[in-house]
Amino acid sequence: MKSTQVRTNAALSRKIPGQRGRVWRQMVKRSDLYLMLLLPIAWYLIFHYGPMYGLQIAFKNFNPAKGIIGSSWVGFDHFVRFFESFYFWRLLWNTLAINLFSLLIAFPISILLALIVNEIRSKTFSKILQNITFIPHFISVVVIVGILNVFLSPTTGPINSLIEALGGSPIRFLEEAGWFKTIFIGSNIWQNMGWQSIIYIAALSGVNPQLYEAAKMDGASRLRRVWHISLPGIIPVIVIMLILDIGHFMDIGFEKILLMQNNLNIESSDVISTFVYTTGILKGEYSYTAAIGLFNSAINLVLLLLVNRFARKVSETSLW
Amino acid sequence: MSNQASISRSSDEKIFDAVIYTIATLIILIVLYPLIFVVSASFSDPAKVLNGEVWLLPKNISFDAYTNILHNGKIWNGYTNTIIYTVVGTIVNIIMTVLAAYPLSRPDLPGRKVLMVIITLTMFFGGGLIPSYLLVKNLGLLDTMWALIIPGAIATYNLIVMRTYFQTSIPWELQEAAHIDGCSNWRLLLNIILPLSKPILAVMVLFYAVGHWNSYFNSLIYIRNEARYPLQLVLREILLISQSEAVDANVGLENKVLLAESIKYAVIMISSLPILIMYPFVQRHFVKGVMIGSIKG
């Protein structure tokens, strides 16, 4: 009791403008806290704000010998070159399509899984379901793509054995552009649905049980209770997750795409971020690919701001 | 009338339950099947795997693939490197995250709102791959272990989770009392806060360690020298690029092709083993971590 009073007093005193000296005194008094923060803040400035500063090479012709500051400005030349290149539309379409389909399919599936877990009455069974669906999340992308390779192999993989047993002819899944997006998104769902459902399961456990009782009294079926109580109960969490996902819209799954990519499926697997890697890091076109990367981040940021504003208006839930 | 209604309601419930349980069972089968297949294939006679005869349980149990891996220097080297990177990296991660999270959790720290904005902003905007790569290169970290550790020293999401834990789970009164007794912030952190934060520390160690264990992309761009390759890069070579190289040179060509196939399954097993063994013990903590993180900070 007494201590909460002390806290509010301290909070009040900080707001009085005539007492700058007091803030200063408090800063001195807490100097050891600033000392703790020294390393982390320096790290943030170097490793997060440093690259933001370095982004100016997108508007320059970066020359390693002259450094970032010494290189000459070229304005929007790199952007124009990118927009006019023949692969621009292919990259943009693949990036948008893979992410949009992921969002449309994978996003609702994790919510559905959480609702299923929540509806299972046997505690043991629902724990088993949860724990098993988490496992793939901890397997590395390299191994996941390795599993895809052996599992979908046209000669030894069980999927093609099954197709052949049913009288079909084997499909070279990983070498056909037409299959790439399906396999990529499908395996992502397989790997992550359990993990992504945790947050919804947590939110569902917080829904007031009296609401279910009341609905039961009114004669609502189980399906209706899911629809009218469970789902509305987790809407705020769904909105937050959606905003976060859309904030990273342009760069989902890039590490995995890079591993799954080959010359035969490149037509539908080439996305902006893999292009930045192959052209920038491997071929050394730093300025050009920094510009492409900036274009990618700019779309992300605009999407995030738009969705956040929209969500705040519609559902009164937002990140800030 | 009411009796009839309750009967139809309970049959309605039964159908609902049946549907839910069927879907749940299907999901379990879909998730487990590829995993079981890989385990079985890794313990089977390579010829049987190649003929597509293995579909659920191992056929003609054989450990050839595993014995071959045991003699593969590259895999062992990658394993050792990954263990070193994981241990050193996680220690750095924990120290840096605590150093940032604790002061920022203190309501009496002037300017912490500004600092939080500076930090959270980086979750939504950054310089991107190329400027980050150039930074690491200019700092002379290229081709050293530190390129894999320092640039990722703090995961902002984890930092926020930890800060939230300090704010919500440790009574502020306790910290004030310690202050009145003349306890410095360092001593407060080391002797009072950290011992009370074991659950969240465990979660952070797990998150960071799994991240280091599974990461391949940073080493792909920053590590050139094969002697420093972590396990995931060695795996990438075996699984996705040149599979037959991994096989012992002493076996004949035909066997070599066969072994190359079954080695794939075995390396998948061996690389995922530590995490899968750990999994049952730590699973609760992971869930807890995600849930703490879900509290809006």
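Computed from a prediction, not measured in an experiment: that's the story for all the values here.

Let's shift gears to the pattern of salt bridges. Summed over the entire model, instances satisfying the criterion amount to 14 salt bridges over all chains. One salt bridge in this structure joins R30 of chain A and D108 of chain B, with 2.6 Å as the shortest N-O distance. Residue R30 of chain A is found in the loop between α2 (20-29) and α3 (31-54), and its partner D108 of chain B is found in the loop between α4 (73-105) and α5 (112-121); the two belong to separate chains. Each member of the pair, R30 of chain A together with D108 of chain B, is buried. In this structure, the salt-bridge partner of R225 of chain A is E13 of chain B, at a minimum N-O distance of 3.0 Å.

This part covers the pairing of strand β1 (residues 60-63) of chain A. Residues and elements named next belong to chain A. Here β1 shows a clear split, with K60 and F62 buried on one side and none of N61 and N63 buried on the other. As judged from the 2 bridges shared by β1 and strand β2 (residues 71-73), these two strands associate in the antiparallel manner. Following the sheet pairing, N61 is matched in β2 by S72.

Below, the discussion takes up the packing of helix α9 (residues 172-180) of chain B against helix α10 (residues 185-196) of chain B. Residue and element names in this part refer to chain B. Running from N to C, α9 and α10 cross one another at 145°; their axes reach a closest spacing of 11 Å. Considering how the two elements wind past one another, α9 and α10 form a crossing that is right-handed. Within the contact between the two elements, α9 uses L174, Q175, A178 and H179 and α10 uses N185, L188, I192, I193 and L196. When its residues are assigned to classes, the contact of α9 with α10 shows 6 nonpolar, 3 polar and no charged.

Looking at the secondary structure, you find S31 of chain A in helix α3. With 142 residues separating them along the chain, S31 of chain A and F173 of chain A place their C-alpha atoms 60 Å apart.

Summarising the element assignment, T279 of chain A is placed in helix α15 (residues 272-282). Setting aside chain neighbours within four positions, we find T279 of chain A in contact with G284, E285 and T289 of chain A.

Let us now look at a nonpolar patch on the surface. Residue and element names in this part refer to chain A. On the surface, W93, L100, F101, L104 and I105 cluster together to form a nonpolar patch covering roughly 510 Å² of accessible area. Within the secondary structure, L104 is located in helix α6 (residues 88-119). Overall, the relative accessible area of 58% leaves L104 in the exposed class.

Residues and elements named next belong to chain B. Mapped onto the secondary structure, R106 falls in the loop between α4 and α5. Relative accessible area serves as the criterion here: at 0%, R106 is assigned to the buried category. Within the structure, the side chain of R106 is placed 2.8 Å from the side chain of H179, a separation counted as a polar contact.

Right, let's get into helix α8 (residues 156-169) of chain B. All names here are of chain B. Between its first and last C-alpha atoms α8 spans 20 Å; for 14 residues at 1.5 Å apiece the expected length is 20 Å, and the two agree. Counting buried residues in α8 gives 10 out of 14 residues, a clear majority hidden from the surface. Taken residue by residue, α8 has T156, N158, L159, I160, V161, M162, R163, T164, Y165 and F166 as its buried positions.

To continue, consider the packing of helix α10 (residues 177-205) of chain A against helix α12 (residues 222-247) of chain A. Residues and elements named next belong to chain A. Packing of α10 against α12 leaves a shortest axis separation of 9 Å and a crossing angle of 140°. The pairing of α10 with α12 is recorded here as oblique in orientation. Judged by the twist between their axes, the crossing of α10 over α12 is right-handed. Contacts between α10 and α12 involve I199, Y200, A203 and L204 from the first element and S230, I234, V237, I238 and M241 from the second. Of the residues that constitute the contact of α10 with α12, the class distribution is 8 nonpolar, 1 polar and no charged.

The interface of chain A with chain B comprises 93 residues on the first partner and 97 residues on the second. A buried area of about 8,700 Å², summed over both sides, lies between chain A and chain B, and 76% of it is on carbon and sulfur atoms. If you sort the residues of chain A by the area they bury against chain B, M36, Y44 and F138 of chain A come out on top, with a joint share of 9%. Here chain A is connected to chain B by 6 salt bridges. In this structure, the connection of chain A to chain B is made through 16 residue pairs in polar contact (both at pLDDT 80 or more). Of the residues forming the side of chain A that touches chain B, the biggest block, 18 residues, is contributed by α3 of chain A. Its residues assigned to classes, the side of chain A that touches chain B shows 62 nonpolar, 21 polar and 10 charged.

So, how was this worked out
Every chain's residues receive numbers from 1 upward, in the order its sequence appears when written. All chains are assigned letters beginning with A, and all ligands numbers beginning with 1, in the order in which they are written. Per-residue local features of the predicted model are confined to residues with pLDDT of at least 70, and side-chain atom pairs are confined, for both listing and counting, to 80 or more; whole-chain, interface and lining totals are unaffected and use all residues. For side-chain calculations, the full set of non-hydrogen atoms in the structure is used, while hydrogens and water are omitted. What makes a salt bridge here is a side-chain nitrogen of Lys or Arg within 4 Å of a carboxyl oxygen of Asp or Glu, nothing more. Segments assigned H or I by DSSP are reported as helices when at least four residues long, segments assigned E as strands when at least two residues long, and all are numbered from the N terminus. Only protein chains enter the accessibility calculation, which uses a 1.4 Å probe. A residue is then buried if its area is under 20% of the maximum for its type, exposed if over 50%, and partly exposed in between. Paired strands are those between which DSSP finds at least two bridges. The angle between two axes is taken between their N-to-C directions and runs from 0 to 180 degrees, where each axis is a line fitted to C-alpha atoms and a helix contributes only its stretch in contact. Crossing chirality is assigned from the near helix's rotation relative to the far helix, an anticlockwise turn below a right angle marking it left-handed and a clockwise turn marking it right-handed. We call two residues contacting when some pair of their heavy atoms lies within 4.5 Å. Polar here means any residue other than Ala, Val, Leu, Ile, Met, Phe, Trp, Tyr, Cys and Pro, which are nonpolar, and Asp, Glu, Lys and Arg, which are charged; Gly is therefore polar. Patch members must show over 30% relative accessible area and no salt bridge, and they are joined within 9 Å when carrying like charges or within 5 Å when they are nonpolar side chains of Val, Leu, Ile, Met, Phe, Trp or Tyr. For the accessible areas, the method is Shrake-Rupley and the probe is 1.4 Å, while residue cover comes only from the protein chains on display. Under the rule applied, a polar contact is a pair of N or O atoms within 3.5 Å (in protein, one hydrogen donor and one hydrogen acceptor; residues adjacent in sequence only if both atoms are side-chain atoms). Under the convention used throughout, the expected extent of a helix is 1.5 Å for every residue step, that is, one less than its residue count. The labels follow the angle: roughly parallel below 35 degrees, roughly antiparallel above 145, roughly perpendicular from 65 to 115, and oblique for the rest. When two parts are brought into contact, each loses some accessible area as probed by a 1.4 Å sphere; the total of that loss over both is the buried area.

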